[in-house]
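# Breakdown of the fold
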Amino acid sequence: MSTALSPNLTADHLRLYRQCGYVLLPPEFLAEDAFAGALAALPRIRQQGGETSVLESDKRTVRSTYGIHRTSLAMARIARYPAVVDAVQQILEDSRVYVHQSKVNFKAPFSGEQWGWHQDYIYWLAEDNLPRPELVNVAVFADDVTPHNGPLTFIPGSHRHGVLSGQWRGAVADAYVDEPDWVSTLTSQEKFEIPPEAITSLAERYGMDAPTGPAGSVLLFHPNLLHASPPNMSPFGRAMIMFVFNTVANRQPQQASQRPWFLADAYSEADITTASTQAV
Ligand code: 6CS
Ligand code: FE
């Protein structure tokens, strides 16, 4: 059952997203109680361990926890929040959307490591066989994001240059040699490196921007947008709650090799019908 696209992002929001590849929405975008519930779930999510949890190279600090749209009711509520689903439907111009991947990137105080320059879609193309970049990243600021605690940094407009990389770096970082193959796509040294000269020329042409804002802000960004984030040297955390929405039409072909569900989730009709019709 498809639902009508209800206007939720303004024409200006959509213009910014199409032009720059991202748009930052204020905390009012999410109801306070939904956001408060997500914040309250973070300590348990950080401690949950197991295969959905990836550590920094110090092998102590939690870097990310994946699959939160299925392991946390509070996070599932955000993923199904009507304003979030409506915004994604508007951007993708398709009402049939589902969560391909979700995570919390904790970017811990003092020890949260970098994310090198990368585009996200190459991982969902090369690892998950998603045919087209018909996806949207929804990042909810769990902490205030400042210029000092490792903000996501973009090259605005770089999403309009297609897939810029594809080289497999060939060797996973030493700290992760005993980990499953897919961990190489989730650590501080990017699996699919982008030639520095490509980054330089795009940064010279478009500049760089690190959107900052209070906890509760919501950042939507394109899967081909060049982005990175520096290590967090500050005493303040910069946790980011992230959902990657895909269209059902762009789902993984049946025969494709499957990364674990918490990196590349399948969709179910139940998810589609409740995503934007059920009160959350
Ligand atoms: O492999 C992935 O799906 C993840 N890797 C990176 C570097 N960004 C996108 C995604 O979260
Ligand atoms: Fe990324």
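What counts as what
- Residues numbered from 1 in each chain as written.
- Chains lettered and ligands numbered in written order.
- Predicted model: local features only at pLDDT ≥ 70, side-chain atom pairs only at ≥ 80, totals over all residues.
- Heavy atoms only, no water.
- Helix = DSSP H or I, 4+ residues; strand = E, 2+ residues; numbered from the N terminus.
- Rg over C-alpha atoms; globule rule 2.2 N^0.38 Å.
- Buried < 20%, exposed > 50% of the residue type's maximum accessible area, 1.4 Å probe, protein only.
- Contact = heavy atoms within 4.5 Å.
- Areas by Shrake-Rupley, 256 points an atom, 1.4 Å probe, with all protein chains shown as cover.
- Lys, Arg positive; Asp, Glu negative; His and termini not counted.
- Charge placed at Lys NZ, Arg CZ, Asp CG, Glu CD.
- Near = heavy atom within 4 Å.
- Polar contact = N/O pair within 3.5 Å; in protein donor to acceptor, adjacent residues only side chain to side chain.
- 1 Å grid on protein atoms, 1.4 Å probe; cavity = no way out; pocket = protein on both sides within 12 Å on 5 of 7 lines; lining within 4 Å.
- Sits in = over half its atoms within 2 Å of the grid points.
- Nonpolar A, V, L, I, M, F, W, Y, C, P; charged D, E, K, R; others polar.
- Expected span 1.5 Å × (residues − 1).
- Salt bridge = Lys/Arg side-chain N within 4 Å of Asp/Glu carboxyl O.

Turning our eyes to something else, we now look at the overall build of the protein. When helices and strands are tallied, the protein shows eight helices and 12 strands. Taken against the 2.2 N^0.38 rule, which gives 19 Å for 280 residues, the C-alpha radius of gyration of the protein at 17 Å falls within 12% of a compact globule. Counting only residues that meet the buried cut, the protein has 55% of its 280 residues in that class. In the protein, 88% of the contacts between residues at least 6 apart in sequence involve partners at least 24 apart. Just so you have it, the protein exposes about 11,700 Å², and 56% of that area is on carbon and sulfur atoms. Counting 21 positive and 29 negative side-chain charges, the protein places the averaged centre of each group 2 Å from the other.

Here we come to the site of ligand 1. Every residue close to ligand 1 is listed here: Gln101, Lys103, Trp115, His118, Asp120, Tyr123, Trp124, Thr185, Leu186, Glu190 and Arg259. Here a nitrogen atom of ligand 1 and a side-chain polar atom of aspartate 120 are 3.1 Å apart. Between ligand 1 and the protein, one listed contact pairs an oxygen atom with a side-chain N or O atom of arginine 259 at 2.8 Å. When ligand 1 is considered free in solution it has 300 Å² of accessible area, and contact with the protein chains removes 98% of it. Mapping ligand 1 onto the cavity grids shows that it belongs to the largest cavity. The set of elements that each furnish at least two residues to the shell around ligand 1 consists of β4 (97-105), β5 (115-118) and α6 (121-126). Across the shell around ligand 1, the residue classes tally to four nonpolar, three polar and four charged.

It is worth spelling out helix α2 (residues 32-47) at this point. With 16 residues, α2 extends 24 Å from end C-alpha to end C-alpha; this agrees with the ideal 22 Å at 1.5 Å per step. Turning to α2, its buried residues are Ala34, Phe35, Ala38, Ala41, Leu42 and Ile45. Residues of α2 that are buried make contact with β3 (62-66), α3 (68-71), α4 (73-79), β4, β6 (135-141) and β12 (240-247).

With that settled, the discussion passes to the pattern of salt bridges. Per the counting criterion, the structure on display carries nine salt bridges. A salt bridge links arginine 96 to glutamate 269; the nearest nitrogen and oxygen atoms lie 2.7 Å apart. In this pair, arginine 96 sits in the loop between α5 (82-92) and β4 while glutamate 269 sits in helix α8 (residues 269-275), placing the two residues 173 residues apart along the sequence. Residue class for glutamate 269 comes out partly exposed when judged on its relative accessible area of 35%. Glutamate 134 is the partner of arginine 132 in a salt bridge, and the nearest nitrogen-oxygen pair spans 2.6 Å. Classification of arginine 132 by relative accessible area gives partly exposed; the value is 32%. The partly exposed category is assigned to glutamate 134, whose relative accessible area is 26%.

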